[in-house]
Every structure is written in structure tokens, then in C-alpha cells.
Amino acid sequence: MTTEATTAPAHGAPAHGDDLPNYLTHERGIKSWMTTLDHKRIGMMYLASILAAFFLGGVMALLVRTELLFAGRTIMNADTYNQVFTLHGAIMVFLFIIPSVPGALGNFFLPIMLGAKDVAFPRLNLASFYIYCFGAIFLVIGIIVGHVDTGWTFYTPYSARADNSVIWMTMGVFILGFSSILTGVNFIATVHTMRAPGINWRRLPLFIWGIYATSVIQVLATPVLAITLLLLTMEKALGIAVFDPAIGGDPVLFQHFFWFYSHPAVYIMILPGMAVVNELIGTFSRRKIFGYMFVAMSSVALALLGFLVWGHHMFTSGMSEYSTMVFSALTFLVAIPSGVKVFNWVATLYQGSISLASPMLYALGFIALFTIGGVTGLFLGTLSTDIHLHDTYFVVAHFHYVMVGGTVFGFLGGLHYWWPKMTGKMYDENWARVAWLLVFTGFNVTFFSQFVLGSQGMPRRYYDYLPRFHNLHMTSSGGAYILGVGFLIMAVMFIKSLRSGAKASENPWGSAGYEWLTTTPPHPHNFDEQPVITRGPYDYHICTDLELFEGHHKDFVASGSEAE
């Protein structure tokens, strides 16, 4: 053993997962869940909430693609189309992508990976979840009673003059921001103060580094969005001139404020996905992550550089030529830490013992798709090409290759990877691979065709289009249906796993990660005793056979006895 006093039973010990309490069963009833301070249960409640939001946003996406199957009206009129794509964007960005990895997987695994009993402020953690729910309710009210068709960016002056239901939507996002800030504060405090003995900064799992960098952005950037949306609300409700030029405001000021938050927010979304991929690459290549500190510091660099590049969203808004040159150069600078990550992942895979289990398929998909998203971002950061591609489907495709090909693939990889630890159940690996194939294929068919659409001049958010764009729109919609079938198979697979899945072992993937040292599902207090860590999370070369054993520990004991 390279760790001391872990809950993994020692060789020959009689205790195993069947005999130990776990967080799912030590308390029962809805009240025990609603009032829990256990970070694992809060993580599971986040998971249920964001999956519901993902389903709702996905349905909106399918409606949009169905409308665009043919030119002219297909299933809805232009006003309804504007509302549907607005709701798709707002729900996916604010209710799913931003909280997906930090809220669900981060809450569940960050304290366990640190060897801690819980987060630093458990009550604040529960409050963050309910603030998230409260903000989501405001958004839903805006959907039900309103006519919100501004797009998820709420650009002024249109949003300042639109229906008052915009107030409900913006206040919902305003409230959600508090949840994001409080979660970030909690995670930063936990990482600084609650690491188990032996876990120094050079032994932190790279998942923790990614969540830590994300938390820094959440704490520093989110207040800017909150203030911006509050000003917009005050302008609509009280007539205070801020953004509407008709009463003396400046609409470009809104764009500066919005993108000062929203570009760092891109890294709030993508850094957690990268954090998950670090763990998947290490586990399924059975190698120490190449250039560990470079990967860790690249997360911090992305968090800091992300604050300097908001202007590249506004090249066409009338900025001076010198400002655009500076923002363009800074945008290229951001590509360096992203490139460092991709290079180190590929270097880790080189000569690794690679297993193509379903979580690894999502990790490999992440690398390929995020690379495409990153490279196409250079076209948008270059002045000469951005002018032509601005507000076209090229931007839509680039955004989705980063957000879906990156963040969502990272989230799905993490969900498949940690599902056995979270639920205590295995899923059907064959169906998981089928679902991955459909999701990967459907995604590329949907959005690669949009690169072509955009480069040929098709504007985004348009309800109708010219006949020459018909084939590409139909191809994109067909890909969306394939994508939908993939997610449907995945949902059925996970539900079947909960109902009748085989019992998961303590470490079904044979990982050296700290989270696999505890029982499955985890102990209510994460560890039976305070763990003392004596190795790094990717030190496969010094792990014991028991630590990397993929079966149930009780079977390892029997096998060892026979060998003796």
C-alpha cells in the first residue's frame, strides 16, 4: 500500500462494500435528501437537476432543427422560432453547461479526492443548490408567461425594449450567478484548508486543479454579469438610461460588460471538461500524465488570460483598429495553454496501455472535437476573416465544437467514469459504446455542415433561408436526430443500470486515483479513517496490486490465498 489508513480494506480483512454503510442508504426518505449537508447527495441533486435542464434544452434544439429542415414555415412561425432558440441557448448555458461538472461531479468528488470529509462550508453548499433551483424557477416563469426572443446574450437595445418577461429571465440568471459564486468560494476554501495529510499542491489530482481554476473565474467574473443584468433590469423597470440609446444609454457598453464575463465564462464551461479528461487519460492509458505541472499551470493560465480577450467578440462593433489588433493578439496567446494541454494528453497516450472503454472514447472524442473547435476559433480571432464570418453559422459551429464537443463530452466521459462509484452499479458497456458512436457521429454531421453553411454566408438565428442552403440545413437536422437517438439510448442504459445493473467493485477501472480508495458507493463520511497519502494520483508504477485490482476486494483476497 502506498497510502495509509485508507478505507480500502487491507489484504485479508473481512470488511468490504457489503458490510459498510454508504451515503445512499445510511439515511432514508425525501426529507433526508432535501436537508442533507452531505456533498455527495447535493452533487446527486445537482446531477438530477442539470439532466432535466439538458433534456429540456435538447428538446428545444430538436424543435429548432426540425423547423430548419425546409425553407419557410415547417412546424412554427418566426416569433415562436425566435423564442425557442433563445430558450435553448439560455437553458443550455445557464442551467446545464455552467453547473454541470462543478455542481454535480465537482461536488461529489472534490472532497473525496482531497481526502476530506466534506466541503469547507456544507450549509453554504446546500444553500447554493437551492439558489440554483430558485434561479431556475425564475427562468421557467419567464418561459411560461413571457415572450423572450432576445437570444441568450440579451443584447441591448432590443432586450431593453422587448417584452417585460425579459426581466424574469435576467433576474433568473442574476440569481443563478450567486449559486455559482458561492460554489466557487466553497471549493477554493476546501482546496486550501482541507487536504488530507500527504496531499500537497504537486499531488493534487488534475481534476482538482481544473475545478480550482474554474472557481477563481466564477468568483471574479460572475459579479460583472450580475451587475450588468441588474442595470438592464433597472433600465426596463425604472427607465434609467444605461444601455438604450433612445434615452441616452450606450448599447456597446452592454456588450463590453457582457463579454467581460462571458468570455471567462467560456473557461468556466471548458476547464471542468478538461479537468475530467485529465483523469480519463491517466486511468485508461495507465500512465502518469505527461508534464503534470504544465497541465496544472495551463489551467491557471487559461483562467487568467480569459479575462483579457473579451474584445474579440466585438470586432464589428466599431472598436478602434489598435484595440482590435491588441485583442486579436491576446486571443492567439490563449491558444498556448490550450495547446499545452492537448500536447500533453497526446504525449501521455504515446506508448500507454490504452483501453477503449466508454469513458475513454469520450475523452478521445473530446481531444479531437475540442481541437477542431480551437483551431476554428483562430479564424474568428483573426481580423480579416472574422469580419466575413461574424454572425454566421460558422460561429454557431465553432461554439458547439467547444461547448458540446468539449464540455459536454467531458461531462459525459466523467459521468460514465464515475457512475459506478456514485451509484454502486455498472452499466452495459456495449450499449454505452453504441450510444457514444451515435452521439459522436450525430454531433459531427450536425455541426460540421454548419461550418460550410457559415463559410458560404448563411447568417445565424435566421428563420428562413435561400434554396442553395437547403441540403446543408437538411444534413444538419439529420445529424441532430442521430444525436437525439444516441442520447435516448444512453438514458435508457443508465436507467436500466439503476434498476438491474451489476454491483460495481471498489475500483472497476483499475485507477490509481484517490477517489477509488474508498468503498463503492462511498462511505457517508467518505473515509472510515483519515487517509494519509504517500503517492501521487497517477503513480501507477508504485501502486499495490490491491489498489489497482478491478474486481471486488473480497475476491482479491480469495485469489491471493489460492496463490499462496
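Our subject is the structure listed above.
Anyway, here's the lowdown on the structure attached to this text. (Residues numbered from 1 in each chain as written. Predicted model: local features only at pLDDT ≥ 70, side-chain atom pairs only at ≥ 80, totals over all residues. Heavy atoms only, no water.)

1. Examining the nonpolar core
Here comes step 1: Counting 161 residues, the largest nonpolar core has Phe 94, Phe 207 and Trp 418 as its most contacted members.
Here comes step 2: Ranked by residues supplied to this core, first place goes to helix H3 (residues 78-113) with 21 residues.
Here comes step 3: Aside from chain neighbours lying at most four places away, what touches Phe 207 is Val 101, Leu 105, Gly 106, Phe 109, Met 113, Ala 275, Val 276, Glu 279, Trp 418 and Tyr 538.
Here comes step 4: In terms of nonpolar packing, the next biggest core, distinct from the first, is built from five residues, Phe 138, Met 171, Phe 174 and Ile 175 among them. (Core = buried A, V, L, I, M, F, W, Y, C linked by side-chain atoms within 4.5 Å. Buried < 20%, exposed > 50% of the residue type's maximum accessible area, 1.4 Å probe, protein only. Helix = DSSP H or I, 4+ residues; strand = E, 2+ residues; numbered from the N terminus. Contact = heavy atoms within 4.5 Å.)

2. A few points about H3
At 3.6 residues per turn, the α-helix brings residues three or four places apart onto the same side.
Here comes step 1: Spanning 36 residues, H3 covers 49 Å between terminal C-alpha atoms, matching the ideal 52 Å at 1.5 Å per step.
Here comes step 2: The largest bend along H3 measures about 65 degrees and falls at Pro 99.
Here comes step 3: Most of H3 is tucked away, with 32 of its 36 residues classed as buried.
Here comes step 4: Two or three places before Asp 79, at the opening of H3, Asn 77 has a side-chain oxygen 3.2 Å from that residue's backbone nitrogen.
Here comes step 5: Following H3 by one or two positions, Gly 115 adopts a phi angle in the positive range, close to 70 degrees. (Expected span 1.5 Å × (residues − 1). Bend = angle between axes of the 7 residues up to and from the residue. Polar contact = N/O pair within 3.5 Å; in protein donor to acceptor, adjacent residues only side chain to side chain.)

3. Focus on the packing of helix H11 (residues 358-381) against helix H13 (residues 393-423)
Here comes step 1: Viewed as axis vectors pointing N to C, H11 and H13 meet at an angle of 160 degrees, and their least axial separation amounts to 8 Å. In terms of orientation, H11 lies roughly antiparallel with respect to H13. Helix-helix and strand crossings are classified by hand; for H11 and H13 the assignment is left-handed.
Here comes step 2: Grouping the amino acids of the contact of H11 with H13 by side-chain chemistry returns 15 nonpolar, 13 polar and no charged. (Axes fitted to C-alpha atoms, helices over the stretch in contact; angles between N-to-C directions. Parallel < 35°, antiparallel > 145°, perpendicular 65-115°, else oblique. Left-handed = near helix turned anticlockwise from the far one by under 90°. Nonpolar A, V, L, I, M, F, W, Y, C, P; charged D, E, K, R; others polar.)

4. Some points on the environment of Ile 167
Here comes step 1: Along the polypeptide, Ile 167 turns up in helix H6 (residues 165-193).
Here comes step 2: Separated by 21 residues in sequence, Ile 167 and Gly 146 place their C-alpha atoms 9.6 Å apart.
Here comes step 3: If we skip the residues at most four places from it in the chain, Ile 167 touches Thr 233, Lys 236 and Ala 237.

5. A word on the packing of helix H8 (residues 251-285) against helix H10 (residues 321-349)
Packed helices, taken two at a time, are described by their axes: the angle between them and the distance between them.
Here comes step 1: Closest axis-to-axis distance for the H8/H10 pair is 9 Å, and the angle between their directions is 15 degrees. In terms of axis orientation, H8 runs roughly parallel to H10. Along this stretch, H8 crosses H10, giving a crossing that reads as left-handed. For the pair H8 and H10, contact is made by Tyr 267, Leu 271, Met 274, Val 277, Asn 278, Ile 281 and Ser 285 and by Val 334, Ser 338, Lys 341, Trp 345, Thr 348 and Leu 349, respectively.
Here comes step 2: A class-by-class count of the residues in the contact of H8 with H10 yields eight nonpolar, four polar and one charged.

6. Here we look at the packing of aromatic side chains
Here comes step 1: Summed over the entire model, instances satisfying the criterion amount to 49 aromatic pairs.
Here comes step 2: On the numbers, 5.3 Å between centres and 65 degrees between planes, the contact of Tyr 417 with Trp 516 is edge-to-face. Of this pair, Tyr 417 sits in helix H13 while Trp 516 sits in the loop between helix H15 (470-500) and strand S2 (532-533); the two residues are 99 residues apart in sequence, bridging distant segments of the chain.
Here comes step 3: Here Trp 516 falls in the buried class, since its relative accessible area comes to 2%.
Here comes step 4: Linked through ring pairs, Tyr 362, Phe 379, Phe 394, Tyr 401, Phe 409, Trp 436, Phe 440, Phe 443, Phe 447, Phe 448 and Phe 451 together constitute an aromatic cluster.
Here comes step 5: Across from the ring centre of Trp 33, 4.3 Å away, lies the NZ or CZ of Arg 41, which sits over that ring. (Phe/Tyr/Trp six-rings, centres within 6.5 Å; stacked < 30°, edge-to-face > 60°. Lys NZ or Arg CZ within 6 Å of the ring centre and 35° of its normal.)

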